[in-house]
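# Breakdown of the fold
Spelled out, the chains give:
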Amino acid sequence: MTLDPKIRPNHLRRAAVVYVRQSTLHQVRGNRESGERQYALVGRAKALGWPAAAVQTIDEDQGRSGARAEQRQGFKKLLAEIGAGQVGLVLALEASRLARSSLDWHRLVEICVVTDTLLADETAVYNPRDPNDRLLLGVKGTLSEAELFTLRCRLHEGRWNKAKRGELANSLPVGYVRTEAGAVVKEPDRQVQARLSYVFERFAELRIARRVLLHLLEEKLTVPTKVWGGPRHGTIRWKVPTSSDIMRLLHNPIYAGAYVYGQKEYDPFDRSPSNGKAKTKARPVAEWPVCLRDVYPAYLSWDQFTSNQQILHDNWFRHGSRGAPRNGRALLQGIVRCGRCGSRMAVFTYSTKEKRAPGYGCVAAYQNGAAATCQMMSSAPVDAAVTELFLAAVTPAQLDIALHALDQYETEQAEAQRQRQMQVEGAEYEVEIARRRYEATDPANRLVAAELESQWEQALRHRDQLRREADECERRTDQTLGAADRARVRQLAGDLATVWHAPTTEMADRKALLRFLVHRVYLDGVTEAGQIRITVEWHTGARTSVTVPRPAVGAHAPKTPERAVERIRALCPGHDYATIAGILNREGLKTAKGLSFDQFSVRYVVRSRGWNRGESTLREAEV
Ligand SMILES: [Zn+2]
């Protein structure tokens, strides 16, 4: 029934001992984590098949700094028990490392051999009678790679263990302070408390973050924030709110009293080529790996919080501000800037049913409370013009030059790689020499053997480090070289325009190609009436400008029938959207797409015409 074939009935008949070891008091205090993990080995003993009653913990050495066994009562007790044949399994953290590093553990392993006692750590069970396992416990356990690995595991698991207990110190947002005793309490400044509660209450009422923001701006209400860094670090600063201030408050589960860890998922295999950071993805509330409720004093209830997340999520998608980033139809996604204010422009997509080209919009100011967006336009004429400029710029001769440069780069990289490989081979040779020297010594001559062993280990470590570096460089080279891009470009060199327009060419490919030459594109659809001025900034720094006529707003979109529009205008003051929709439907009126009205389609008509519903003082300028 046990999982490990090394464990036999005669082991299970005896006890399993968890040996908790930590050398200094300082470590006990500073590194409780490791202690926790050591005690977790009790669970492992049970998992390996020992009944709970047969698992004992020897931890009398906690906080004892003595390096010698005579001073450590626990260790002595352990040896005595093993010697008496009472123990079937000894569990300790990183048994292999301990077995190598200390004389005590050499003794322990020897006794284990005599009494047929197994050793185990978090990852493996070792039978000291088995030559392979002894090797593992001895030399192999010292390989730097393994050491690094365990170190990393220790850090990583340590964090998670701490987080699971809610003890991983998180930085507290505004509204909370940590007392000297370490407890977290609400910010004693009542004004801060009151303003935060006010924001949550307004959101419960208005249900749109932007409206909360507008409300605060209108009422000239500031919000508290915490200063990060600098001499005033940690103090409260009152400021005019921005949308991100509001979003931060609404999204942070701590305000609902919860301790959360792992809200974001990191993908270590998908790193940004520019800064090497792993890409992150927010996990939905239900999938947060650590979520402890009622840990902190709350500003809103948990139910309120989860409902807020749902509302925010829905709003976000209704506004369509995100869309599919990679396969989206907007060619300039990610490289388009506002030609008026320089802000990054967002891509607005519509449902696929509408067959409308996505739009480019400069909405940064709007999100921060301005009455209207800076500018919005359809992507169709812009993308067409940029494509034309791009295809004209990329002549076969230019592509040849680009590819030639890449080839040269590749040759250099190959040479560097060869050099690294030679270094590794050299290190390999050193390891071999060290190994032979070690094996040639008389084991009786312990001091010499130990010295040679350590030289051997050093050589191994050096070689492994070089190998790792070489691997790392190769991986990086692969990324920067963009082998796939290059192959694609070469393929395209023949007839770029044909391939560009081919239905089989993916939008993502076009974007990649475009970014090969284009750094940014600036759009200005306001300065010249009825025109969009497009300025392409090439990677070389040169700029090319072109002006295209701007299609009338919604020129290609189906229109809401005039009769319905008139009814909505008449009903608008004094009725809410849902009521208006009901009236229109009873009167048999249809939307632009020939569907029944609902509150959203009514709202769209009202807002797109800038009408005021009368009962609200809020500016309703959403597009
Ligand atoms: Zn702008």
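Refer to the structure above for everything that follows.
On a predicted model such as this, the values are computed, not experimentally measured, just so you know.

Turning our eyes to something else, we now look at the coordination of the zinc ion. Bound to the zinc ion on the protein side are C338 (SG), C341 (SG), C362 (SG) and C374 (SG), at distances that span 2.2 to 2.3 Å. What the 4 donor atoms of the zinc ion show is an angle range of 98 to 126° at the metal, which sorts the shape as tetrahedral. Written as a sequence motif, the donor arrangement for the zinc ion is C-x2-C-x20-C-x11-C. One end of the pair, C338, is in strand β14 (residues 336–338); the other, C374, is in the loop between α13 (364–367) and β17 (375–378), with 36 residues separating them in the sequence. Take C338 and C374: they sit in the same class, and that class is buried.

Attention shifts here to the pairing of strand β19 (residues 531–538). When you tally the buried positions in β19, you get 6 out of 8 residues, the bulk of the element. Here strand β18 (residues 518–524) pairs with β19 via 6 bridges, running antiparallel. For Y522, the partnering residue across the bridge sits in β19 and is T535. Joining the antiparallel neighbours β18 and β19 is a turn of 6 residues, in which G530 adopts a positive phi near 75°.

This part is about the side chain of H11. Within the secondary structure, H11 sits in helix α1 (residues 9–12). When its relative accessible area of 0% is taken as the criterion, H11 is described as buried. The contacts of H11, once residues within four sequence positions are left out, are K6, W50, G88, D116 and L118.

Here the focus is the sheet that holds β18. Spatially, 4 strands are ordered β14-β18-β19-β20 in an open sheet, and the strand pairing comes out mixed. Looking at strand neighbours, the two that pair on one side only are β14 and β20 (543–549), the edges of this open sheet. Looking at each pair of strands side by side, their axes are set apart by 25° on average, direction ignored. Both β19 and β20 contribute to a ladder of 7 bridges, which runs antiparallel. Directly across from T535, in β20, lies its bridge partner S545. Against the sheet, helix α14 (residues 379–393) touches β18, β19 and β20, its axis set at about 40° to β19.

The next point concerns the nonpolar core. In terms of nonpolar packing, the biggest core is built from 36 residues, with Y176, L196, F200 and Y255 touching the most fellow members. Contributing elements (two or more residues each) for this core: α9 (190–206), α10 (209–218), α11 (243–251), β10 (259–261) and α12 (302–318). A total of 6 residues in this core trace back to one element, the largest contributor, which is α9. For Y255, the residues in contact, after removing those within four places along its chain, are P173, V174, Y176, L196, F200, L249, A298, Y299 and L300. V336, L513, V518 and L523 belong to the second-largest nonpolar core, a separate cluster that totals 30 residues.

Take the packing of aromatic side chains next. In this description, an aromatic ring pair is defined by two values, namely the gap between the centres and the angle between the planes. Under the definition given, this model contains 8 aromatic pairs. Arranged with centres 5.8 Å apart and planes meeting at 35°, the rings of Y176 and Y255 form a pair that is tilted. Taken together, the residues span a long stretch of sequence, with Y176 in strand β6 (residues 176–178) and Y255 in the loop between α11 and β10 at a distance of 79 residues. Considered together, Y176 and Y255 belong to a single accessibility category, that of buried residues. Relative to W456, the ring of Y438 lies with its centre 5.3 Å away and its plane at 40°, an arrangement referred to as tilted. One end of the pair, Y438, is in helix α15 (residues 396–440); the other, W456, is in helix α16 (residues 446–481), and 18 residues separate them in sequence. Taken together through their ring pairs, the aromatic side chains of Y176, F200, Y255, Y296 and Y299 make up a single cluster. Sitting over the ring of Y299, K186 keeps its end group 4.2 Å from the ring centre. The ring of Y198 is capped by R202, whose NZ or CZ atom sits 4.6 Å from the centre of that ring.

The rules behind the values
- Residues numbered from 1 in each chain as written.
- Predicted model: local features only at pLDDT ≥ 70, side-chain atom pairs only at ≥ 80, totals over all residues.
- Heavy atoms only, no water.
- Donors = N, O, S within 2.8 Å, 3.2 Å for Na, K, Ca; no water.
- Tetrahedral: all angles 85-135°; square planar, octahedral: opposite > 155°, others 65-115°.
- Helix = DSSP H or I, 4+ residues; strand = E, 2+ residues; numbered from the N terminus.
- Buried < 20%, exposed > 50% of the residue type's maximum accessible area, 1.4 Å probe, protein only.
- Pairing = 2+ DSSP bridges.
- Contact = heavy atoms within 4.5 Å.
- Axes fitted to C-alpha atoms, helices over the stretch in contact; angles between N-to-C directions.
- Core = buried A, V, L, I, M, F, W, Y, C linked by side-chain atoms within 4.5 Å.
- Phe/Tyr/Trp six-rings, centres within 6.5 Å; stacked < 30°, edge-to-face > 60°.
- Lys NZ or Arg CZ within 6 Å of the ring centre and 35° of its normal.

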